[in-house]
Amino acid sequence: MNEQLKKAYNNCKPEEWLDWDDERYVPLSDKNLRGCDGDIVGLLQDAIAFADGPTHLLFSGFRGSGKTTELLRLKHYLEKSGYTVVYVDTEEYLNLNVPATITDMWISIAAGFDSFLKKEKYIDDKRSFWKRLNTFLQSEIIIEGITIKAWNVAELQLGIKENLQFREKLNKAIAEKMPKLVKECYNFLDESIATIKENNNEKKETILILDSFEKLQGDSKNEKDVRNSIETIFIRHWKLLRTPCHAVYTVPPWVSFTEDAHDLGRTWMLPMCKVFNMDGTRHTDGINAMLQLLEKRMDVHGIFGNGRQLEKLAELSGGYPRDLLRMVREVILRNARIGHLPIPGGKLEADIARVTDIFTETFDHGLDGDDIPLLCKVANDHSLSGWPGEDKFRLVRLFNKHFVLSYQNGGKWLDIHPLLRNTPSMKAALAQCGRERTLPGGEKP
Amino acid sequence: MEAERGTPLFLGKSGEEQFSLLQDALAIGQGFELFFVCGNSPNILKEVVGRLQYSHISGDTHLDMFYEDPKDLARLLEHLLRAEKPPKGRNIITARSEGREAELRAGWTSGLVVLNEQRNRLIKACPSALLLMGPPHILLTAQSRAPDLWSVRASVFLFPDIAEGMSPFPARNVFRDMEPDALPHALKEGEYYQDLADALEGSGSKAERLSRARLLGSAARAWFLRGNPRDALLAFEKARAIYEDYGDLNGKAGILNGQARIYSMQGDIARAMVLWEESLRLEEQIGDVQGKAATLNNMAWVLAQQGDIARAMGLWEESLKLTEKIGDVQGKAATLHQMAGVLADQGDIARAMGLWEESLKLKEQIGDVQGKAATLHQMAGVLAQQGDIARAVCLWEESLKLNEQIGDVKGKAATLANMAWAEGKNGNRNKERDLNIQAARLLGACKAFFDLATVLGNLGAGGGEDAAAFLGQALWLGLRIPLPAENALLYSSTFIKKTGVAHRAALLCAAATLFFMQQRGKDTPKAAEYEKNAFALLRQCAKARNISPERLEIWMEEERLNDSSYVISEFKKELEKRIGDRWLFDPAGFPPL
């Protein structure tokens, strides 16, 4: 096994997210490659700093786009600026495959604060949120068939996350008491913030970052209910979600494209790195930035020669870092036993062509013929304005599959993934509507 | 004694490439990695798991859902993730599954959802690779139901079906990839693929329709192995229609090849050739040089069997040029081996030996030990036939050493069987019997039942008090596997002769043979001849009982000789009585008739 390749291969693992100070980090936002507004972390910081009172922001981005890394950067810079940041991962407390309610959100937030306070040893179990919630439920709620009194705190915690039947019954029983429960959670937060301030007098305010909520999605049976639940939380009950501290909530990308989203204020979107312009021409800076991602992880020239051939992969990734890393890994794997580096040009070209075919085939297999007209529309319009509601919601599934990617040049715009564009079905469909594009490498289809 | 590993199952050229990449990925990767390893054929996935375990790069955590309810996949994965002790060292957890379509889908869906939710825990708990092995539809399920898990996948490895497409080893075993190595699986495989395909019927999604086409192709191959060419051809036609709908020329070419093979094995050579020609045109159109080379090989083989040697050689030469063009050393070596075999049959021994030597050199070059063993084996056979037994035995022994080196039990058995033949030629009957028995035991252990039946037939043809017991075992196998008609007739007539026409066992044998000729032989060009020969055996038995031709039909009715279930069940009992405790393989490994 070639050791250099082995190292490069393991430096490109798609499941690894980077910590804010990882040496492999490339500040794509700085380079205006993710929108020309500047560094998104800086913008969020400013939005918090300039707010007159607690501000509540929505943050979104695709899986693997670097969202968590940016949030961790935000956390770091906020803490450096003197804030206390409570980072909550919703996945720890909620099952994200079923519709959520405002109650679920509040319980997650309060539970997150609870964990933070316990970790910092600011509170003990007697003052724990779960104990408080248990008491509230016992006194206020009767759930048919379930005796809350018999549950201990640990069971309650587990039950809310993993026992869907219990959670459903709880939400139903709580519905009338919801404002009271929200108030209970709000009060817990208020007290927690006071406790934090007591223990950290020199600190500024407390900020909540609620991550992973954008992963909420259902299956073919309940996806509509899930979507409705997200709209309910962030539109109908948005005012009920206003915590007594600054908060950044992550939401699914499609929220930022709904018409009602303007009521929420701006949704801060982490788009893909721009490798093509809206008119289909290459965006050289973006491609170079994607190559820089690779250079931070391996000796690109030592392994691939002058690296120009990798530009094709950068283009085909659509600016989605995980796809680029995966494709490069595949090329490395095909040369794992090579004796001498760099990989000979002819072989590299053949391997890249083969990997392109394999990845294109994966998109082709996942492509439903019924989605093709919608995808053509995305390729033509690059936006959702004027689209009927049902079409917008079908787009949700396409976002989840990464068939549609989002970019930003001042305004947001959309495009279909270049690998999807490369599939025979999409090529044929786009040719019919006259929107074929010159393929990576300059050749026309 | 530990059972020897059976002959490695050839995964097909692209399957072997995939396995090689998978091995490298497991060797090169560090820490947690998620791989999807997919294929329609349970045998293929089983082979992959076996090789990983054999090569000591797999861990000891393996969920084989074959013996579990697929609905329990989620529960079992959860249990694994919650285990107090995380898997140590380099561990590979595979959740391979086989089962009926509806439960399989539900099981995989819930399993993937669990893994999706628990992926952070998985990444922490699992210090090395996780392989999820199942049918290709789990990829679509993962994309839609487990998007976070899908998003962190390292790689996807797709294995083609066992008999799909173009094998670069058409030599000696041109239809080898259609022989079952594990009969119980082959028996199930037809229904298994058909179930999967049926569940996708009516789907509008392109991905699922193409998946259905691939499954129909696999069902077709499995049906044919069951001796059911009619259903096989029907399934192939349905698959072909789907590929044509999507303009999938590669898929269509594979189907045409499969259909051509069936027609050629049935003796309808003209029709087979038409289909192969069409396949060639498609391969030309899509630039599939390797496919074209393999199709030419298949055509050449059949033409050679028909005696059209000149044309066969022409096609082989053309195939050789193509394999040279794409640097397919393996393919070239296989073609030379095949050509040599035909030349040897024609008596052109010198030329045959020359080509075999050339094939040996190429196989040496690429480290194809199994191929080398096979070529040495063939060369030895020809030398033995020429009377040069001493030289033949030398080459066979060399071949045996290579078989042992790679654990090729089936190859070893074939060599032993041939050495047995050579001993028989020299009049060494005891040595012949011993070598054949050794060969039979090995073939039984690795479930190579077609070859086993042949060796048992050879043992049965010899003398000795246990000859009938061995022949009985060949016939017992014939109740379950579609033996070639000529072989079945030969064993039956030998059995009847040895047993005596007046014996009940002989009568049942004749009746069973007639059923099989009517059923399995019915779509073949020689159907009428086979049936006539089988009927002749029955008439002999009737004559021995003084049953006149006019009374034959009524007598058959009275004796229930028209009732196939009765006849086969009774015949099986008679055979088992005769075999006693002289089994050379384990009959318990078979499902009930």
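Structure: see above.
Here is what the cut-offs are and how they apply
- Residues numbered from 1 in each chain as written.
- Chains lettered and ligands numbered in written order.
- Predicted model: local features only at pLDDT ≥ 70, side-chain atom pairs only at ≥ 80, totals over all residues.
- Helix = DSSP H or I, 4+ residues; strand = E, 2+ residues; numbered from the N terminus.
- Buried ≥ 20, exposed ≤ 12 C-beta atoms within 10 Å, placed from the backbone.
- Contact = placed C-beta atoms within 7 Å.
- Expected span 1.5 Å × (residues − 1).
- Arc of directions from axis to C-beta.
- Nonpolar A, V, L, I, M, F, W, Y, C, P; charged D, E, K, R; others polar.
- Core = buried A, V, L, I, M, F, W, Y, C linked by C-beta atoms within 7 Å.
- Axes fitted to C-alpha atoms, helices over the stretch in contact; angles between N-to-C directions.
- Parallel < 35°, antiparallel > 145°, perpendicular 65-115°, else oblique.
- Left-handed = near helix turned anticlockwise from the far one by under 90°.

*Asks:* Explain the overall build of chain B to me, please; I cannot follow it from the model alone.
*Replies:* When helices and strands are tallied, chain B shows 27 helices and five strands. Out of the 593 residues belonging to chain B, those deemed buried represent 51%. Of the contacts made within chain B by residues no fewer than 6 positions apart, 68% connect residues no fewer than 24 positions apart.

*Asks:* Honestly, helix α10 (residues 229–245) of chain B in this entry has me stumped. Any pointers?
*Replies:* Residues spaced three or four apart along an α-helix point in a common direction, a consequence of the helix completing one turn every 3.6 residues. Residues and elements named next belong to chain B. Counted at 1.5 Å a residue, the expected span for α10 with its 17 residues is 24 Å, and the 24 Å between its end C-alpha atoms agrees. Listed in full, the buried residues belonging to α10 are Pro229, Ala232, Ala235, Phe236, Ala239, Arg240, Ile242 and Tyr243. The arc that holds every buried residue of α10, seen down its axis, measures 160 degrees, which confines them to one face. More than 90 degrees from the buried face of α10, the exposed residues found are Arg230 and Asp245. Where α10 terminates, the next one or two residues include Gly247, which has phi positive at roughly 65 degrees.

*Asks:* Mind showing me how you'd approach the interface of chain A and chain B here?
*Replies:* When the parts of a complex come together, some accessible area is lost, and that lost area is often used as the size of the interface. Each partner contributes residues to the interface: chain A has 24 residues there, and chain B has 27 residues. Among the elements of the structure, α1 (3–10), α13 (321–333) and α14 (345–366) of chain A are those that each provide at least two residues to the side of chain A that touches chain B. Each residue belonging to the side of chain A that touches chain B can be placed in one class, and the counts come to six nonpolar, nine polar and nine charged.

*Asks:* I'm lost on the nonpolar core in this one. Help?
*Replies:* In a soluble, globular protein the nonpolar side chains are often hidden away together inside. All names here are of chain A. One finds Ile109 and Ala110 to be the most contacted residues of the largest nonpolar core, which totals 153 residues. It is helix α4 (residues 102–119) that contributes the most residues to this core, 10 residues altogether. Among residues more than four places away in sequence, those in contact with Ala110 are Phe129, Cys185, Phe188 and Leu189.

*Asks:* Even after reading the chapter, I still don't get the packing of helix α18 (residues 389–406) of chain B against helix α19 (residues 409–425) of chain B, so can you show me in this structure?
*Replies:* The description of two packed helices rests on the angle between their axes and on the distance between the axes. Residues and elements named next belong to chain B. Contact geometry of α18 with α19 gives a least axis separation of 9 Å together with a crossing angle of 165 degrees. The angle between the axes of α18 and α19 places the two elements in the roughly antiparallel class. For the crossing formed where α18 meets α19, the hand is left-handed. In this structure, α18 uses Ile389, Ala392, Val393, Trp396, Ser399, Leu400, Asn403 and Glu404 to contact α19, whose residues at the interface are Gly411, Lys412, Thr415, Asn418, Met419 and Ala422. Class assignment of the residues belonging to the contact of α18 with α19 gives a composition of seven nonpolar, five polar and two charged.

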